[in-house]
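Chain by chain, the residues:
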Amino acid sequence: MSAIQNKLFIGGKFVDAKDGATIAVHNPHDNSLITHVAEAKAADVDAAVDAAERAFPLWSGMAAAERGKLLLKLADRIEAEADALAQLEAIDTGHPIRDAKNIDVLRTAACYRYFGGMADKFQGSVIPVDAGFINYVQRAPIGVVGQIVPWNFPLMFTSWKLGPALAAGNTVVMKPSEITPLSTLRIAELMAEIGFPEGVVNIVIGYGHTAGQHLAEHPKVGKISFTGSTETGRRIVEASKGNLKRVQLELGGKGANIVFDDANLIAAVNGSAWAIFHNQGQACIAGSRLIIHEKVADEFLERFVKLASSIRLGNPLDPETEMGPLTSTLHRDRVLSYVDIAQQQGATILTGGKAPSNPDLSKGCYIEPTVVRAKPTDRVSQEEVFGPFVSVTTFKDDAEALQIANMTEYGLGGGLWTRDLSRAHKMAREIRAGMVWVNSYKRVNPGSPFGGVGQSGYGREMGFEAMHDYTEAKSVWVNVDAQILPHFKR
Ligand code: NDP
């Protein structure tokens, strides 16, 4: 692996923080130190916003196809160094290397490629208005946008935010999570090499309550795109009100995953394990609530618990590893605290609920895949645990399944397993969520809008929806016949 970049990226240059402050970055496999990264505070964020503001006329004025070409080159470079990027993501986040390589890196390249292609295909429109007039609507970029990225999928989420923002002609100040900033800095290095003009993308690593808060409040920032907890999302809305900046929020979830009695049980067991245990359950769309028809519950759970307890935990760099550590000690402890919470409310731990006994993993942030039988009203069925932790409940009929599915404050993703086509469409219509998967779970694609309703946030990432969210409609009226209008005609 080449030397790990650990500075801020401002105005096309890698720089130390103005006050020289740094933050330690650890490998969650054994909590060893990887590096110290520069820590941005308000003055560094100001410098990044100024650089983005200076770059805006050039970038927004460039032919859309030229912007697209740079994004396409970036996608190619990411694929060319898939191994190194996957390794960096694995040591920084704990993602198993096979997922980092086959999912994170590939999806990241696909996202930049999609928006690279989109840049010169996202069109305005011409509206039929009064005789003698043409009215056309342009999609204009917003200006400087702020983007705040969490620690669970840093490489991929960076592409979800940068891709559409840049394709649309905005310039960006991004604050990655200080826990997992390394792959984002590598992307910045690639951008500099490829020839993105300086200041188009600026990376300020820092803490949420300082750098993040300052970015969200900044009067020169026209939009904030935030992914993280619902609680912090509310803070972002509050911070954004000074200049009425646009806000897009991708927040928590408590994905309902419903297994009907006519489901292909083998497929449902496999898919449900993927839904919750991929990335150690640290996903906003995780299927963290299993809602199973009582007729098939025993058979399903027997198979599911067996599968969960057979998942191979280990060093993320081992290609055999299926589940790595959680991303930080703090977060591991938070997830484990939900085991006590579950038991206090009378839930039963069917498997897991503790750190693995393997001494090779004792220094890391590992938790065994955990399956808990709980009531739908229990805290573990209502709150986002954000770990390899699934709560299980049963239902008698479709109406009850739907009632349980819709009884949390969240509305991000949900899934259902059935062979009945009519039931599938009806349920997909009735589940309160931004995304529903039928006989699958957690599928994403850069063309398909991603986001939620309720306390899961608003606005969408990906697809044409994201391009809309990163642009303003500008309506232009042309008096083609040069008519002198009647109002004050003399
Ligand atoms: P946060 O929402 O606190 O953090 C997400 C990002 O926002 C980080 O970059 C963070 O920086 C930043 N941030 C924090 N406070 C502010 C602020 N006042 N202004 C601007 N930016 C801010 O999530 P946590 O990391 O604390 O995780 C807690 C829980 O949130 C998880 O257990 C999970 O339930 C949920 N979560 C959901 C995610 C999703 O994908 N929807 C992603 C991450 C978390 P910093 O790291 O310095 O705090």
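Given the structure is predicted, the values throughout are model-derived calculations rather than measurements.

What's the story with the overall build of the protein in this structure? I'm lost.
A count of helical and extended segments in the protein gives 15 helices and 20 strands. The C-alpha atoms of the protein give 24 Å as radius of gyration, which agrees with the globular expectation for 490 residues (23 Å, within 12%). For the C-alpha atoms alone, the extent of the protein along its principal axes is close to 85 × 55 × 40 Å. Looking at the protein residue by residue over its 490 residues, the buried ones come to 56%.

Any chance you could explain the packing of aromatic side chains here in plain terms?
Both the distance between ring centres and the angle between the ring planes are used here to describe each pair of aromatic rings. One pass over the structure, following the stated rule, counts 13 aromatic pairs. Summarising the aromatic geometry, the rings of tryptophan 151 and phenylalanine 386 are spaced 5.4 Å apart at their centres and angled 85° between planes, so their arrangement reads as edge-to-face. Taken together, the residues tryptophan 151 in the loop between β7 (144-148) and α5 (154-167) and phenylalanine 386 in the loop between α12 (379-382) and β16 (389-395) connect sequence positions 235 residues apart. For the pair tryptophan 151 and phenylalanine 386, one class covers both residues: buried. Through pairs of rings, three or more aromatic residues link up here, namely Phe153, Phe157, Trp160 and Phe450. Geometry around tyrosine 470 places lysine 223 over its ring, the cationic atom sitting 3.7 Å from the centre.

Help me out: how do you make sense of the side chain of lysine 223 in this one?
Along the chain, lysine 223 falls in strand β10 (residues 223-227). Salt bridges are absent for the buried lysine 223, whose nearest opposite-charge side chain, aspartate 469, sits at 4.7 Å. Side-chain polar atoms of lysine 223 contact the backbone oxygen of aspartate 469, separated by 2.9 Å. Non-local contacts of lysine 223, meaning those with residues more than four positions away in its chain, are made with Ile142, Val144, Val145, Gly146, Lys245, Arg246, Gln248, Asp469 and Tyr470.

Mind showing me how you'd approach the pairing of strand β11 (residues 246-250) here?
Working note: regular strand, side chains alternate between the two faces of the sheet. Where burial is concerned, most of β11 is hidden: four out of the five residues are buried. Across five bridges, β10 lies against β11 in parallel orientation. Within β11, the position partnered with threonine 227 by the bridge is glutamate 250. This β-α-β element, β10 to helix α8 (residues 230-240) to β11, shows right-handed connectivity. In this structure, β11 lies alongside strand β19 (residues 457-458), joined through two bridges in antiparallel fashion. Looking at the pairing, leucine 249 lines up with tyrosine 458 of β19.

I keep staring at the sheet that holds strand β6 (residues 133-141) and nothing clicks. Help me out?
Two modes of strand pairing occur in sheets, parallel and antiparallel, and in both the strands are linked by backbone hydrogen bonds. Spatial ordering of the open sheet is given by β5-β6-β20, a layout of three strands whose pairing is antiparallel. Since the sheet does not close on itself, it has two edges, and those belong to β5 (125-127) and β20 (471-479), each with one partner. Strand-to-strand, the axes of this sheet are offset by a mean angle of 30°, without reference to chain direction. Strand direction decides the pairing type here: β6 and β20, joined by nine bridges, are antiparallel. Note on β20: the bridge partner recorded for tyrosine 136 is valine 476.

So what exactly am I meant to see when it comes to helix α7 (residues 208-217) here?
Each full turn of the α-helix corresponds to 3.6 residues, which orients residues three or four apart in the same direction. Every buried residue of α7 is listed here: Ala211, Gly212, Leu215 and Ala216. Seen from one end, α7 has its buried residues packed into an arc of 130°, which puts them on one side. Of the surrounding secondary structure, the elements contacted by the buried residues of α7 are α1 (42-61), β7, β8 (171-175), β10 and α8.

Where do I start with the nonpolar core in this structure?
Most often, soluble globular proteins have nonpolar side chains that are buried together. Grouped together as the largest cluster of nonpolar side chains are 118 residues, with contacts concentrated most on Leu166, Phe300 and Phe304. Two domains each donate at least three residues to this core, and these are domain 1 (8-251 + 456-476) and domain 2 (256-438).

Explanation requested: the state of the cysteines in the structure shown.
Put plainly, a disulfide is one covalent bond tying together the sulfur atoms of two cysteines. A complete count under the given rule lists zero disulfides for this structure. Cysteine 111 takes part in no disulfide bond, and the closest cysteine sulfur, belonging to cysteine 284, lies 14 Å away. Look at cysteine 111 and you get buried, because its relative accessible area is 1%. Relative accessible area serves as the criterion here: at 7%, cysteine 284 is assigned to the buried category.

Just checking my understanding: could you explain the site of the ligand for this structure?
Not every one of the 28 residues close to the ligand is listed here, only the nearest: Trp151, Glu178, Gly208, Arg334 and Glu384. Contact between the ligand and glutamate 178: an oxygen atom at 2.5 Å from a side-chain N or O atom of the residue. Residue arginine 334 places a side-chain N or O atom 2.7 Å away from an oxygen atom belonging to the ligand. Computed on the free molecule, the ligand has an accessible area of 860 Å², of which 88% lies beneath the protein chains in the complex. Elements represented by at least two residues in the shell around the ligand include exactly α7, β10, α8 and α11 (329-344). Taken together, the residues of the shell around the ligand sort by class into eleven nonpolar, eleven polar and six charged.

Hey, could you run me through the sheet that holds strand β17 (residues 413-417) in this one?
Sheet architecture is open: seven strands sit in the order β14-β15-β16-β13-β12-β17-β18, paired in mixed fashion. A strand with exactly one partner marks an edge of an open sheet, and here the two such strands are β14 (348-351) and β18 (435-438). Across this sheet, the average inter-strand angle for adjacent strands is 25°, counted without regard to direction. Here β17 pairs with β18 via four bridges, running parallel. Along β18, the bridge assignment pairs glycine 413 with methionine 435. Along the sheet, α11 makes contact with β14, β15 (370-373) and β16, crossing β16 at roughly 25°.

What's the story with helix α9 (residues 265-277) in this structure? I'm lost.
Over its 13 residues, α9 runs 18 Å from end to end, which matches the ideal 18 Å to within 8%, given 1.5 Å per residue. For α9, the full list of buried residues reads Leu265, Ala268, Val269, Gly271, Ser272, Ala273, Ala275, Ile276 and Phe277. Elements in contact with the buried residues of α9: β12 (256-259), β13 (289-293), α10 (297-310), β15, β16 and β17. The N-capping residue of α9, defined by a side-chain oxygen 3.2 Å from the backbone nitrogen of isoleucine 266, is asparagine 264.

How should I be thinking about the environment of alanine 82 in this particular structure?
In this structure, alanine 82 sits in helix α3 (residues 82-93). Judged by relative accessible area, alanine 82 falls into the buried class, the value being 12%. A sequence separation of 58 residues divides alanine 82 from alanine 140, and the C-alpha atoms of the two residues are 34 Å apart. In this structure, alanine 82 is in contact with Lys101 and Val105, ignoring residues within four places of it in sequence.

Procedures and definitions
Every chain begins its residue count from 1, and numbering advances along the sequence as written. Side-chain atom pairs in this predicted model are given and counted only at pLDDT of 80 or more, local residue features only at pLDDT of at least 70, and totals for whole chains, interfaces and linings cover all residues. Side-chain measures were taken over the full set of non-hydrogen atoms in the model, leaving aside hydrogen atoms and water. Going along the chain from the N terminus, every DSSP run of H or I of four or more residues is numbered as a helix, and every run of E of two or more is numbered as a strand. The globule rule used here is 2.2 Å times the number of residues to the 0.38 power, and the radius of gyration it is set against is calculated over C-alpha atoms. The classification of residues rests on relative accessible area computed with a 1.4 Å probe and restricted to protein chains. Under 20% of the type maximum is buried, over 50% is exposed, and intermediate values are partly exposed. Only rings of Phe, Tyr and Trp enter the pairing, Trp through its six-membered ring, and a pair is recorded when the two centres are within 6.5 Å. The plane angle decides the type: under 30 degrees is stacked, over 60 is edge-to-face, the rest tilted. A ring has a charge above it when a Lys NZ or an Arg CZ is no more than 6 Å from the ring centre and no more than 35 degrees off the ring normal. By the counting rule applied here, Lys and Arg register as positive and Asp and Glu as negative, while His and the ends of each chain are not counted. The salt bridge definition used is simple: a Lys or Arg side-chain nitrogen within 4 Å of an Asp or Glu carboxyl oxygen. Definition of a polar contact: a pair of N or O atoms within 3.5 Å, with one able to donate and the other able to accept a hydrogen when the atoms are protein atoms, and with sequence-neighbouring residues admitted only if both atoms are side-chain atoms. Working rule for contacts: check all heavy atoms of both residues, and any pair within 4.5 Å makes them a contact. Two strands form a pair only when DSSP identifies at least two bridges running between them. Handedness of a crossover is defined as follows: orient the strands so they point away from the viewer, and if the path from the first strand over the helix to the second runs clockwise, the crossover is right-handed. Inter-axis angles, ranging from 0 to 180 degrees, are taken between N-to-C directions of lines fitted to C-alpha atoms, where helices are fitted over the stretch in contact. Note: the arc covers the axis-to-C-beta directions of the helix. Residue types Ala, Val, Leu, Ile, Met, Phe, Trp, Tyr and Cys, when buried and joined through side-chain atoms within 4.5 Å, form a set referred to as a nonpolar core. Each domain span listed reflects an automatic or database assignment of domains. We call a pair of cysteine sulfur atoms a disulfide when they lie within 2.5 Å. We define proximity as follows: a residue is near a molecule or strand when any one of its heavy atoms falls within 4 Å of that partner. We get accessible surface area from the Shrake-Rupley algorithm with a probe of 1.4 Å; when it comes to residues, only the shown protein chains can shield them. Three classes are used: nonpolar for Ala, Val, Leu, Ile, Met, Phe, Trp, Tyr, Cys and Pro, charged for Asp, Glu, Lys and Arg, and polar for all others, with Gly counted as polar. By this rule, a helix spans an expected 1.5 Å times one less than how many residues it contains.

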